[in-house]
Number of protein chains: 4
Amino acid sequence: MIELTDDILAKVIKKRPEESHKGTFGRAVLIGGNYQYGGAIIMSAEACIHSGAGLTTVVTTEKNHHPLHARLPEAMVLNFSDWELLYEVVRAADVVLIGPGLGLDATVLAVLKGVLAEQQKDQWLVIDGSAITLVAKHQLSLKYPKQVIFTPHQMEWKRLSGLTIEEQTTENNQAMQEKLGATIILKKHRTEIYNGQTVYKNTVGNAGMATGGTGDTLAGMIAGFAAQFENTSDAVAAAVYLHSKIGDDLAEENYVVLPTKVSQALPGYMKKYNRKGS
Amino acid sequence: MIELTDDILAKVIKKRPEESHKGTFGRAVLIGGNYQYGGAIIMSAEACIHSGAGLTTVVTTEKNHHPLHARLPEAMVLNFSDWELLYEVVRAADVVLIGPGLGLDATVLAVLKGVLAEQQKDQWLVIDGSAITLVAKHQLSLKYPKQVIFTPHQMEWKRLSGLTIEEQTTENNQAMQEKLGATIILKKHRTEIYNGQTVYKNTVGNAGMATGGTGDTLAGMIAGFAAQFENTSDAVAAAVYLHSKIGDDLAEENYVVLPTKVSQALPGYMKKYNRKGS
Amino acid sequence: MIELTDDILAKVIKKRPEESHKGTFGRAVLIGGNYQYGGAIIMSAEACIHSGAGLTTVVTTEKNHHPLHARLPEAMVLNFSDWELLYEVVRAADVVLIGPGLGLDATVLAVLKGVLAEQQKDQWLVIDGSAITLVAKHQLSLKYPKQVIFTPHQMEWKRLSGLTIEEQTTENNQAMQEKLGATIILKKHRTEIYNGQTVYKNTVGNAGMATGGTGDTLAGMIAGFAAQFENTSDAVAAAVYLHSKIGDDLAEENYVVLPTKVSQALPGYMKKYNRKGS
Amino acid sequence: MIELTDDILAKVIKKRPEESHKGTFGRAVLIGGNYQYGGAIIMSAEACIHSGAGLTTVVTTEKNHHPLHARLPEAMVLNFSDWELLYEVVRAADVVLIGPGLGLDATVLAVLKGVLAEQQKDQWLVIDGSAITLVAKHQLSLKYPKQVIFTPHQMEWKRLSGLTIEEQTTENNQAMQEKLGATIILKKHRTEIYNGQTVYKNTVGNAGMATGGTGDTLAGMIAGFAAQFENTSDAVAAAVYLHSKIGDDLAEENYVVLPTKVSQALPGYMKKYNRKGS
């Protein structure tokens, strides 16, 4: 088990190539945010864009388009029902995140099935929140499991793996990861990452981050890092670590750490660690 | 009568337990904001979330969902008419606040009656603004009065208690509190709290806070504190005091204290007093 | 002719009475913002609320309610078509501002006529922007002209007074003011105020403020000052002066002075001048 | 070829004439932002208004009006389908920008054709993004090419000029510019400007700016500068240079430079260079 430290940030957050354009830093598609949980996908989008993804499209119920754009005109938007455009942007994506605030109804289940069926060979798929529950409940199969990242908290991991929280030992988690083939980011007090090769354990994070939206923000960061950095295993570990690291610094001055403040701090933190690295 | 001071903050705002998750810090449901007064419930939600409640759902007319999410993606949303979901989240809540910008029409009266009927044994119910007027007018009865907090200003207290403003002496207020069984937060120049055991008197606050939204912000703080801190009597007193304390500091540099600025200052103030305490 | 200086601010911006509530600082109703010009009334509302009016209701096309609340939950809202509620809030108002972004169509003409007809004896009526054009065009009469403030720029003053810009001398303006009976705030390079007793001339302001929304912000400040300060002649002069004064300070560091930044600076400036005064 | 430096800023950003009004600094009309790409025209509008254009109207799908006004009440708004009003504001404009987030459908093609047909003799027309693609695809002709500015990236320039990226040498670009008659701002690692007389080459800019919205922000700045400054060739060059210059400064502290932050920095930067100049 490898403990995550600042080293992962210096390793991952490289100086950007001078001759580049927005496509160089990846196309991310974020799918989520239903009638009740629209804020979740907005927070994911803020994290993704502030982490430096080149182009970000958000697929969400239309009522969420207004507040998303009021906060973040940098995003592009589609509705769940825009099937044709949806699959067009999904196919062209470097990374697709599905799940934050997605809910469980028939429409979003159909979208999830479509996204799983359309996964491209080199495309990363991040499955979060209620999308994990849907995969577990409907036993949906993965086309390229090695290109899939699940981000369950302990209850979602129970649904996906069948392991009770007590049974969620490193060994059992590794065994289940192997069976699934996908990377597992198991969110808990000290988040663990199982990717079939390494087990990473987070060393930072605090109770001030225990508030609605923290997971949505992390999911958006994972998508943003996976979209732009080459070694996805490292990129994902860096996202997990940096999310908590920023949270710890904010918690020095804040009793509760609002997730949107983590996103706002991202460009500055990434620059700082970029300077320390290459 | 006990005068509120900084001591109440150090007593209430404890260090958060390291092993925790968002559920640890409570589920709050805030109900209010009609066609005309949507801003009220938005301000309550900002106060509740910035005070550290773990999960906050806002029930309000759909037109208010856009601006709420534009300011605060951390909140979840429902409409008054989403009966089934509404009662589901209400039943699961640790604290329900009803009233800010609620209005007086038949729809919201029905929601209020439903909320009163569904109150759970250990659930706190904060009744504010027009919900107080509705309770008084329709003589609605309380299921668990000891778990109810009313937050009337003097005119609303008159409606609820029958006491004219002149008659609202400490003694009379205590007598009426006893009859009602609920906690009374009587908002006035120096706000008083009657909970059947202690009478608290606020010692801070200023005329710069006399502007629309100040009461909505206080109601949201009360809900947020009640959601996460164990001793609710103390928590409520701490919310009342901190609201005015922040307002006094802001009034040093501002002729009028916009209520939303109080909410923005909350995480920093709570951290400061948390450090001074345990 | 009296030149406006810092003295007017110290004179007007008094310490607020300690025993007070939001009603103490006035009820303002702001009417404007059609389909095309919704931003205008939003900017007026920001100015009014940041200047310290106790309770502010904005009457505007419903599509403007979302962005208004996203920026300013402190405001209450109504639509032009909410006739009954509209006249209820208008009747209860201390000051009504009509005009910013109002447009010229039949609906708003009817609202304007209604507002003029409903004016209460002690109520102040601020007529701005296209409402001035409508008054001129339809020769609408005033119920209590001494309680009316017009805020024309030079072209609008031409429409209202019949005076060409060349003819707009102090003497002619005074004569026309006398005829109309209302206060005239003539907006130009150095704005002048004619109120039948004094002629005030502004001494501050700069070309960086020549951008869309500056007049709407001024109108909102005038409403906010009139709502809360007793001597309305002085209050209005103070609003005109402070608006430009803040603009001058902002122009030290900004090539263009966005009107919304003037509003954000208001509570701090008012506190500063309040300290210098009583 | 002339390399752009700080000199162009001191030359262009003159002290504003004291006796002026918002009309003095130009009327800009910005057309773009469809269902999917609404954020693009919002970002253009922020850039245009923050650069000091006197009056800015945004023509965009109605769903984009809410978030635009939530961020920027200073703008006026119309929908693509408001034909009559649209052509009225277009005719009165000093500069029209069409393209950011416009899309390619029949409605916007009709609007583009209308705008091209209505171009006034002294009016500047900035054609950006998908409007360039539409002009190329439908071989639309220009009424006053010398008053037209195209802002293609290399792929769009290929569509417009027929030159492959390899063929896009200074010489070939000059030849194609001559044929088209319009100014070409060719966006790439070091952006080049071809206006028939001079070839400008940008010397600043960085990879942190390679993110969605950077081009939309530049387009808005070009419109804002063209609206208010007399020598349009110089103004456009100044806009291109300043956009990258601000981006370089922001990149010192930010791994990714959000385009909206460039706009927010504009009034301060323009003041700084204005001070250095006249």
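Conventions adopted
- Each chain carries its own residue numbering, running from 1 in the written order of its sequence.
- Written order determines the labels here, with chains lettered from A and ligands numbered from 1.
- The model is predicted, so local features are restricted to residues of pLDDT at least 70 and side-chain atom pairs to those at 80 or more, both for listing and for counting; the totals for chains, interfaces and linings are taken over all residues.
- Side-chain calculation: all heavy atoms of the structure are included, whereas hydrogens and water are not.
- UniProt positions are given in the numbering used here, feature names are shortened, and annotations may be inferred rather than shown by experiment.
- Secondary structure elements follow DSSP: runs of H or I of four or more residues count as helices, runs of E of two or more count as strands, with numbering from the N terminus.
- Partly exposed describes any residue whose relative accessible area lies between the buried limit of under 20% and the exposed limit of over 50%, with all areas from a 1.4 Å probe on protein chains only and scaled to the type maximum.
- Contacts are assigned to residue pairs that have any heavy atoms within 4.5 Å of one another.
- As defined here, a cavity is a set of points on a 1 Å grid over the protein atoms alone where a 1.4 Å probe fits but cannot get out. A pocket is an open set with protein on both sides within 12 Å along at least five of seven lines, and residues line them when an atom is within 4 Å of a point.
- Grid points are joined across faces, edges and corners, and a volume is the space filled by probe spheres set on the points.
- In this classification, Asp, Glu, Lys and Arg are treated as charged, Ala, Val, Leu, Ile, Met, Phe, Trp, Tyr, Cys and Pro as nonpolar, and every other residue, Gly included, as polar.
- Joining two parts hides part of their accessible area as seen by a 1.4 Å probe, and the buried area is that hidden amount summed over both.
- A carboxyl oxygen of Asp or Glu within 4 Å of a side-chain nitrogen of Lys or Arg is what we treat as a salt bridge.
- Counted as a polar contact is a pair of N or O atoms within 3.5 Å, where, for protein atoms, one must be capable of donating a hydrogen and the other of accepting one, and residues adjacent in sequence contribute only when both atoms are in side chains.
- The fit set for superposing copies consists of C-alpha atoms from residues with pLDDT of at least 70 in both; the fit itself is least squares.

Looking at an unreviewed UniProt entry, one finds chain A named ADP-dependent (S)-NAD(P)H-hydrate dehydratase, with Enterococcus florum as its source organism. As stated in UniProt under Function (unreviewed entry), the record for chain A gives "Catalyzes the dehydration of the S-form of NAD(P)HX at the expense of ADP, which is converted to AMP. Together with NAD(P)HX epimerase, which catalyzes the epimerization of the S- and R-forms, the enzyme allows the repair of both epimers of NAD(P)HX, a damaged form of NAD(P)H that is a result of enzymatic or heat-dependent hydration." Turning to chain A, the UniProt record has this under Subunit (unreviewed entry): "Homotetramer."

(A) Fine view of unusual backbone geometry. All names here are of chain A. In this structure, Gln139 takes a positive phi of about 45° despite not being glycine. Tracing the backbone through its elements, the reader meets Gln139 in the loop between helix H6 (130–137) and strand S7 (148–150). Overall, the relative accessible area of 70% leaves Gln139 in the exposed class.

(B) Structural view of the UniProt feature "binding site: (6S)-NADPHX" (unreviewed entry) in chain A. Annotation from UniProt places "binding site: (6S)-NADPHX" (unreviewed entry) at A:Ala40, A:Gly101, A:His153 and A:Asp216. Checked against the element boundaries, A:Ala40 lands in helix H2 (residues 38–50). Here A:Ala40 falls in the buried class, since its relative accessible area comes to 9%. Ignoring anything within four residues of it in the chain, the contact list for A:Ala40 reads A:Pro100, A:Gly101, A:Asp216 and B:Pro73. Here A:Gly101 lies in the loop between strand S5 (95–98) and helix H5 (106–118). When sequence neighbours within four positions are dropped, the list of residues in contact with A:Gly101 reads A:Gly32, A:Gly33, A:Asn34, A:Tyr37 and A:Ala40.

(C) Quick look at the side chain of A:Ser44. If you trace the backbone, A:Ser44 turns up in helix H2. Every residue in contact with A:Ser44, bar those within four places of it in the chain, is listed here: A:Leu30, A:Leu97, A:Pro100, A:Asp216 and A:Gly220.

(D) Broad picture of empty space enclosed by the protein. Applying the stated criterion across every chain yields a total of four cavities of 30 Å³ or more. Lining the largest cavity are A:His66, A:Pro67, A:Ala70, B:His66, B:Pro67, B:Ala70, C:His66, C:Pro67, C:Ala70, D:His66, D:Pro67 and D:Ala70. Secondary-structure elements contributing two or more residues to the lining of the largest cavity are helix H3 (65–71) of chain A, helix H3 (65–71) of chain B, helix H3 (65–71) of chain C together with helix H3 (65–71) of chain D. A class-by-class count of the residues in the lining of the largest cavity yields eight nonpolar, four polar and no charged.

(E) How the structure looks around the interface of chain D and chain A. Counting from both sides, the interface comprises 31 residues of chain D and, opposite them, 40 residues of chain A. Roughly 2800 Å² is buried in total at the junction of chain D and chain A, and carbon and sulfur atoms are behind 57% of that figure. Broken down residue by residue, the surface that chain D buries against chain A is led by D:Tyr35, D:Gln36 and D:Tyr255, which jointly contribute 30%. Between the two partners, chain D and chain A, sit one salt bridge. Close ionic contact of D:Glu253 with A:Arg275 constitutes a salt bridge, the shortest N to O distance being 3.6 Å. At the boundary of chain D with chain A, the tally comes to 17 residue pairs in polar contact (both at pLDDT 80 or more). Of all elements in the fold, only helix H2 (38–50), H3 and helix H11 (259–276) of chain D reach the threshold of two or more residues within the side of chain D that touches chain A. Ranked by the residues each element gives to the side of chain D that touches chain A, the list is headed by H2(D), at six residues. Grouping the amino acids of the side of chain D that touches chain A by side-chain chemistry returns 14 nonpolar, eleven polar and six charged.

(F) Focus on the relation of the copies chain C and chain B. Rotating chain C by 90° and translating it 0.0 Å along the rotation axis places it on chain B, where the RMSD comes to 0.0 Å. One copy is carried onto the other by what is essentially a four-fold rotation axis. Every residue of chain C has its C-alpha some distance from the rotation axis, and the shortest such distance is that of C:Ala70, at 4.2 Å. Mapped onto chain B, only 8% of the interface residues of chain C again fall at the interface, so the copies present different surfaces.

(G) Examining the interface of chain C and chain B more closely. With 40 residues of chain C at the interface, the matching set in chain B holds 31 residues. Approximately 2700 Å² of surface area, both sides summed, lies buried where chain C meets chain B, with 57% of it carried by carbon and sulfur atoms. Taken as a group, C:Arg16, C:Pro73 and C:Glu74 account for 22% of the area that chain C buries against chain B, more than any other trio of residues on that side. Our enumeration of links across chain C and chain B arrives at 17 residue pairs in polar contact (both at pLDDT 80 or more). Counting residues per element, the side of chain C that touches chain B draws most heavily on helix H11 (residues 259–276) of chain C, which supplies six residues.

(H) A look at the relation of the copies chain D and chain A. Taken as rigid bodies, chain D and chain A are interconverted by a rotation of 90° and an axial shift of 0.0 Å, the fit giving an RMSD of 0.0 Å. Looking at the interface residues of chain D, only 10% of them are also at the interface in chain A, so each copy uses its own face.

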